[in-house]
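Here is how the chains run, residue by residue.
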Amino acid sequence: MKTIKLIIDGKTAEVPENTTLLKAAKTVGIDIPTLCYFELKDMNIENRPGGCRVCVVEVKGRRNLAPACNTMVAEGMEVYTHNIRVLNARRTVLELILSDHPAECLTCAKSGSCELQSMAQQLGVREIPYQGEQSKYRKDTSPAIIRDVDKCIMCRRCEMMCNDVQTVGALNAVNRGFMAVVAPAFEMNLEKSPCTYCGQCVSVCPTGALTEVDHSRNVINALADPAKTVVVQTAPAVRAALGEEFGLAPGTLVTGKMVAALRRLGFDYVFDTDFAADLTIMEEGTELLDRLTRYLKGDKDVKLPILTSCCPGWVNFFEHNFPEMREIPSTAKSPQQMFGPIAKEYFAKKLGINRKNMIVVSIMPCLAKKYECQRDEFKVDGDPDVNFSLSTRELAHLIKASNIDFSSLPEDDFDNPLGESTGASVIFGTTGGVIEAACRTAYELYTGKKLEKVDFKELRGLENVRHATIDFDGLPINIGIAHGLGNARKLLEDIRDGKSQFHAIEIMACPGGCIGGGGQPYHHGDSEVIKLRASALYREDAGKPIRKSHENPFILELYKDFLGKPCGEKSHHLLHTHYFDKSAGVFVEE
Amino acid sequence: MARQIRIALRNCGVIDPERIEDYISRDGYMALATVLTELSPEAVIEILKKSGLRGRGGGGFPAGLKWEITRKVQADQKYVVCNADEGDPGAFMDRSILEGDPHAVLEAMTINGYCTGASKGLIYIRAEYPLAVERLKTAMKQSREMGLLGNNILQTGFNFDIDIRYGAGAFVCGEETALIHSMEGLRGEPTVKPPFPSVEGYLKKPTNVNNVETFANVPVIINKGWEWFASIGTEKSKGTKVFALAGKINNVGLVEVPMGTTLREVIYEIGGGIQGGKEFKAAQTGGPSGGCLTKKHLDTPIDYDNLIAAGSMMGSGGLIVMDEDDCMVAIAKFYLGFTVEESCGKCSPCRIGNKRLFELLEKITQGNGTMEDIDKLRNLSTVIKDTSLCGLGQSSPNPVLSTIENFIGEYHEHVKDKKCRSKVCKSMMQYLVVPEKCIGCTLCARNCPVNAISGERKQVHLIDQEKCIKCGACMEKCKFNAIIIN
Amino acid sequence: MAILESIKSLTELREKLKAKQAALSQKDNPQSTIQVKVTMATCGIASGSRPVYDFMKEELSKRNIPALVSQVGCMGFCYAEPTIEVTMPGKSPVIFGFVNTKKADEIIERFIRKGEVIDGVIPMNYETA
Ligand SMILES: Cc1cc2nc3c(=O)[nH]c(=O)nc-3n(C[C@H](O)[C@H](O)[C@H](O)COP(=O)(O)O)c2cc1C
Ligand code: SF4
Ligand code: SF4
Ligand code: SF4
Ligand code: SF4
Ligand code: SF4
Ligand code: FES
């Protein structure tokens, strides 16, 4: 590749051709501010509409200013990133953006993590000279996401996520000129759109225009109610990210502190969704083996590949887009929804309390889980198996609001019996983890042999679509992995067209899996953060004494005591579900 | 006496646009035949480059160079696009050409296809031009029947066909990248250039986009030679330009004049002067993206570069003449109103900045402006031009800047004296009763819709300025001319 | 219409058409005739050129005046639409503005039939390539 030499603010930069001025400036230590630009490096995710115009710089010989995020280097270019013309233009543009923005920082859910707010601080804006009409829109609350697009700055990141990465197409720019905004087709409610509630739009929105529906009030009320036994479950990905909210380095595991904080908050029982993840593996693994065995025996009707079903964003996606294929995914519920009935039908009975007096709260990296726990099929006489699902961010706020000094908390352990888990369930939180966990169990159950090497390194990584062949003692099992719904769509289309070579496919809606979930602390476009969270989970797995789901003693006891056998009648009733054709009633703009 | 020379309009008003024979009798399709049988693509491009033809859609980019760039990009498929979106308010040059001489555009597009290596042409035309569409369709049918369009044109083995695409009428869809997105079924909004359409355009393939008038010039240049064409016009702007004369001019209409004709010649000799013998104040060229030319520009030869130097631009050829009755602040506000409506909303300076410009102008025309507001207008205009993504925002403040530059006095009057000398800005006007003339007949008071007029019978009446909504009913009714506008 | 097979056949067709066209205006040519062109672009039609076109076509034949009436695109005189151009054999074309059917009648009776000078003539102010 050709090297280009150019001068930026008097410093000589040498970069490969086709480098943007933004990146070239970074190589010589110059940070040009950006708002709409967004990138998740190594994950094939980039947003560069060139819309906000705060990144403008002066290029000698050019008539107007150039957007650094969108202008490529050229030999001999002379660039000025902070002369008076540039500074004045940048500040004026920001003042304009702020002039069409409600100044609600005091009460805004995004305050403190808001990129617009921090840019206003960085540029030292103290007044907004250009006052005028502000564009106003209807606020839209869906089961998981709130759209308050008065705060939208048209960076189009959500649109890029929803269209290019997720191929859902629920959000697009609508209207023209001053009223232009990103919204579902015909400015309908998100609930009427094909939105999967994956929350990826929320995770990239620089402002408070897109946020999660906050359920922490409901949880506080439940905790204060002496008549209720409040049980909490925490998903694997939460422990790898929660620390970031308290200033700890990304990738710091805070399992023990998290448990301690939850206890302080007043939860009666602090359990682990990981326990339910082990249960998921028992059910899903058994289902896989069953389909596989039938297939090998020549049953041509058996549906292969089997698709994982533990991600509710993904479930919503195929219910909307591929309803005709809804027989293919495993019928196993997600770990969150497996935990619910075990808590309310098994544990509550053990405690001798009515299920209605038990409140199950889940702490999730996920916004789709907020919707999932409200689904009718997960309720008994109107009582949801899981009452409230909080995001990692909401938990952090709760901890802060309760005056708990997180960093100095002593480490604590989960309660039993629903708090014991294996390494297999921990890695559920990252892409490839579910299928690796399934392989560990399925291998041993199928071959009857002990697995020598527990780590399936070939299933790990961040490439968009991965595949590997695992040797089940002479039987090659083809595994596919996709994270991000656009990648999932490709694998699904292959299946539909009869081109799929896989026996089992793991799909996670969020890029990176749940560690990159829509409810996680904001990564602000730093893919290193996501990678560090993944390695934290693999570290926790490696340190666990038990690393295969079917060896979890409490799981074995649960089957003996209550469930019977995997995919048996009782587990079928409590731990499996069915899917719906939701393609009708979803409006997409043609 | 200044003369018009009709090159782009050569057949308009002369031939029956629905008869291909008429076109052929005037050397129609000869250029195509010559090109296909006698000239290499490079040779044609060379002719065009030497002719000095520049794009008539606004930017003035050399046409030959654009064709050459498109030719040089390697691709399995290329496209020729004719931009017939024509969104400037008051402009109808392109429509007239398509309605009067559709074959010229088809012929030129086919020649372009031969030169660039494209086999497919698309005409992007606003749906509000049904007659032009009809005539294009008729023309395409005829030329296909005669083997002048479609497969194996004139039996030379060259294939080229043309389709029509309809624009939804948004002004910004005339911008070439927005136009391409619109044809692709995407939101009609511009994207950052480069890549230019010539390199990556429709369906990501190299796409040569030219304006209707640009195309209409091509066949004659081939037939008559580049020397002839280059002999017309100024050093850097060759040939002619079609203008749509509008506003306070006697002969409203389409004119085609050699580049370098002065504004005075256009207005007074060709356009027949100002209506009612009033005094010329300014002429807006370049539509909403342009600026105004004033008395001091009357003798400037009109070409691309001189117009830019004068703070305006050629644009697509709208030329609106204003006289002493026009308020320049209101004119600026009018254009900004258009831009605010037509901005696509993609980039912040244009989306929000133009709105703020409009609001500031509104404030000034309502008599609430301050001197600081004029400074804000200047700074904001400069920044919007400097930072906007596409040509719309990069030029939308021109009317503001050029009226401030040339008519700062009027701005000051609005701000300091709360006066609009042209009596256009209603909020600044005061309806007053002249006591000497009022006989106290009460007619005005009885006709005021908001009861703003008080006074006893046979007493001098008084208009309450707070209540008055400036409808003018009183003045109309008063039989003694006792009510005046201040 | 026949397919043109080469530049030669195009040239031949052009020459034929040119000759026919020229003949129309030659005074003593037996093929010569009065030519009437009515502006039928959007602006012309909007200001009423269609009835003028129909009137010209019908009335000229009714009144037994051999003439070729055709529609053309915009002549540029928007301020004076509808406009029509009349060419008497051997003479230069004359353009009339603000033509309605009444005016058209006058043009037929006085200008075409009697060769009188009538008002409403628009000076032709351009040359054509
Ligand atoms: C806001 C905007 C509107 C435009 N509208 C038109 C239009 O209506 N017709 C046109 O030919 N070009 C229009 N242009 C210019 C086109 O982008 C492009 O430069 C032109 O079609 C190229 O053809 P030319 O080189 O033959 O002029 C517009 C540009 C901008 C920025
Ligand atoms: S979005 Fe950001 S800038 Fe806007 S109110 Fe919220 S915190 Fe403040
Ligand atoms: S939650 Fe996911 S599917 Fe829904 S709008 Fe956001 S990105 Fe699109
Ligand atoms: S909603 Fe948020 S992410 Fe989407 S365009 Fe607006 S500011 Fe950007
Ligand atoms: S990948 Fe994880 S965080 Fe994302 S939607 Fe699925 S379950 Fe939720
Ligand atoms: S300058 Fe205006 S029209 Fe052009 S991209 Fe920006 S918002 Fe859209
Ligand atoms: S960051 Fe470059 S335009 Fe927004």
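Residues numbered from 1 in each chain as written. Chains lettered and ligands numbered in written order. Predicted model: local features only at pLDDT ≥ 70, side-chain atom pairs only at ≥ 80, totals over all residues. Heavy atoms only, no water.

Enquirer: Break down the side chain of Asn487(A) for me, citing the residues and quoting the values.
Expert: Residues and elements named next belong to chain A. Tracing the chain through its elements places Asn-487 in helix H15 (residues 485–496). From its side chain, Asn-487 meets the backbone oxygen of His-483 in a polar contact 2.7 Å long. With residues up to four places along the chain from it excluded, the contact list for Asn-487 reads Asn-464, Val-465 and Ala-482. (Helix = DSSP H or I, 4+ residues; strand = E, 2+ residues; numbered from the N terminus. Polar contact = N/O pair within 3.5 Å; in protein donor to acceptor, adjacent residues only side chain to side chain. Contact = heavy atoms within 4.5 Å.)

Enquirer: Pulling in residues and values, what's your account of the sheet that holds strand E9 (residues 280–285) of chain B?
Expert: Residue and element names in this part refer to chain B. Reading across the sheet, the five strands line up as E8-E7-E11-E9-E10 and stay open at both edges, with mixed pairing between neighbours. Strand pairing shows two members of the sheet lacking a second neighbour, strand E8 (253–258) and strand E10 (292–294), which therefore form its edges. Strand-to-strand twist in this sheet, taken as the mean axis angle between neighbours without regard to direction, amounts to 30 degrees. Across three bridges, the pairing between E9 and E10 is antiparallel. Counted as the bridge partner of Gln-284 is Cys-292 from E10. (Pairing = 2+ DSSP bridges. Axes fitted to C-alpha atoms, helices over the stretch in contact; angles between N-to-C directions.)

Enquirer: I'd like a description of the site of ligand 3, backed by residues and values.
Expert: In the vicinity of ligand 3, the residues found are Ile145(A), Cys162(A), Val168(A), Ala170(A), Leu171(A), Cys195(A), Thr196(A), Tyr197(A), Cys198(A), Gly199(A) and Cys201(A). Along the lines of polarity and charge, the residues of the shell around ligand 3 split into nine nonpolar, two polar and no charged. (Near = heavy atom within 4 Å. Nonpolar A, V, L, I, M, F, W, Y, C, P; charged D, E, K, R; others polar.)

Enquirer: Tell me about the interface of chain C and chain B, and name the residues and values.
Expert: The interface is formed by 36 residues belonging to chain C together with 48 residues belonging to chain B. Summed over both partners, the interface of chain C with chain B buries about 3,600 Å², with 57% contributed by carbon and sulfur atoms. Viewed at the interface, chain B and chain C are joined by two salt bridges. Viewed at the interface, chain B and chain C are joined by 19 residue pairs in polar contact (both at pLDDT 80 or more). Elements that contribute at least two residues to the side of chain C that touches chain B include exactly helix H1 (7–25), helix H2 (42–46), strand E2 (67–72) and strand E6 (126–128) of chain C. (Buried area = accessible area lost by both parts, 1.4 Å probe. Salt bridge = Lys/Arg side-chain N within 4 Å of Asp/Glu carboxyl O.)

Enquirer: Please give an account of the layout of surface pockets that cites residues and values.
Expert: Approximately 810 Å³ is the volume attributed to the second largest pocket. Among the residues forming the lining of the second largest pocket, the class breakdown is twelve nonpolar, nine polar and ten charged. (1 Å grid on protein atoms, 1.4 Å probe; cavity = no way out; pocket = protein on both sides within 12 Å on 5 of 7 lines; lining within 4 Å. Points joined across faces, edges and corners; volume = space filled by probe spheres on them.)

Enquirer: Which residues make up the confidence of the model for chain C, and what values do they have?
Expert: Residue-level pLDDT values for chain C average 92, and 99% of them are 70 or greater. Listed scores for the predicted complex are pTM 0.93 and ipTM 0.93. (pLDDT = per-residue confidence, 0-100.)

Enquirer: Break down the packing of helix H6 (residues 102–116) of chain B against helix H9 (residues 212–224) of chain B for me, citing the residues and quoting the values.
Expert: All names here are of chain B. Where H6 meets H9, the closest approach of the two axes is 8 Å, and the angle between their N-to-C directions is 80 degrees. If you check the angle between H6 and H9, you find them roughly perpendicular. Here H6 contributes Ala-104, Val-105, Glu-107, Ala-108, Met-109, Ile-111 and Asn-112 to the contact with H9, which in turn contributes Val-212, Phe-215, Val-218 and Pro-219. Class assignment of the residues belonging to the contact of H6 with H9 gives a composition of nine nonpolar, one polar and one charged. (Parallel < 35°, antiparallel > 145°, perpendicular 65-115°, else oblique.)

Enquirer: Tell me what's going on with the sheet that holds strand E12 (residues 210–212) of chain A, and back it up with residues and numbers.
Expert: Residue and element names in this part refer to chain A. Reading across from one edge, E8-E9-E12 is the order of the three strands in this open sheet, with antiparallel pairing throughout. Because the sheet does not close on itself, it has two edges, and the strands there are strand E8 (140–141) and E12. Taken together, the three bridges between strand E9 (residues 145–147) and E12 define a ladder with antiparallel strand orientation. The partner of Ile-146 across the bridge, within E12, is Thr-211.

Enquirer: How would you explain the arrangement of the chains if you had to name every residue and give the values?
Expert: With two pairs of chains in contact overall, the contact-richest pair is chains B and C. Spatially, chain A is disjoint from chain C: no contact exists, and the shortest C-alpha separation is 29 Å.

Enquirer: Run through the nonpolar core, naming residues and quoting values.
Expert: Formed by 109 residues in total, the largest nonpolar core has its most connected members in Leu242(A), Leu262(A), Phe267(A), Trp314(A), Val361(A), Ile399(A) and Leu492(A). Take this core: its biggest share by element is six residues, from helix H7 (residues 255–265) of chain A. In this structure Leu262(A) touches Val232(A), Thr234(A), Phe267(A), Val270(A), Ile363(A) and Leu395(A), once residues within four positions along its chain are discounted. In terms of nonpolar packing, the next biggest core, distinct from the first, is built from 78 residues, Leu48(B), Met93(B), Ala104(B) and Phe160(B) among them. (Core = buried A, V, L, I, M, F, W, Y, C linked by side-chain atoms within 4.5 Å. Buried < 20%, exposed > 50% of the residue type's maximum accessible area, 1.4 Å probe, protein only.)

Enquirer: Residue-level account of the site of ligand 4, with values.
Expert: The environment of ligand 4 is formed by Cys152(A), Ile153(A), Met154(A), Cys155(A), Arg156(A), Cys158(A), Val182(A), Cys205(A), Pro206(A), Thr207(A), Ala209(A) and Leu210(A). In terms of residue class, the shell around ligand 4 is built from ten nonpolar, one polar and one charged.

Enquirer: How would you explain the interface of chain B and chain A if you had to name every residue and give the values?
Expert: Listed by partner, the interface residues are 30 residues for chain B and 34 residues for chain A. Of the roughly 2,700 Å² buried at the junction of chain B and chain A (both faces included), carbon and sulfur atoms supply 50%. The largest share of the area that chain B buries against chain A comes from Arg351(B), Arg356(B) and Asp386(B), three residues that together contribute 23% of it. Our enumeration of links across chain B and chain A arrives at three salt bridges. Residue Arg156(A) is joined to Glu189(B) by a salt bridge in which the shortest nitrogen-to-oxygen separation is 2.6 Å. At the junction of chain B with chain A, the criterion picks out 20 residue pairs in polar contact (both at pLDDT 80 or more). Among the elements of the structure, helix H14 (348–365) and helix H15 (371–387) of chain B are those that each provide at least two residues to the side of chain B that touches chain A. Among the elements that line the side of chain B that touches chain A, the one with the most residues is H14(B), at eight residues. For the side of chain B that touches chain A, the class distribution of residues is eleven nonpolar, nine polar and ten charged.

Enquirer: Please give an account of the environment of Phe580(A) that cites residues and values.
Expert: Residue and element names in this part refer to chain A. Relative to the elements of secondary structure, Phe-580 occurs in the segment after helix H18 (569–575). With a relative accessible area of 31%, Phe-580 lands in the partly exposed category. For Phe-580 and Ser-535, which are 45 residues apart along the polypeptide, the C-alpha to C-alpha distance reads 36 Å. Not counting residues up to four positions away in its chain, the partners in contact with Phe-580 are Glu-319, Arg-326, Arg-375 and Glu-377.

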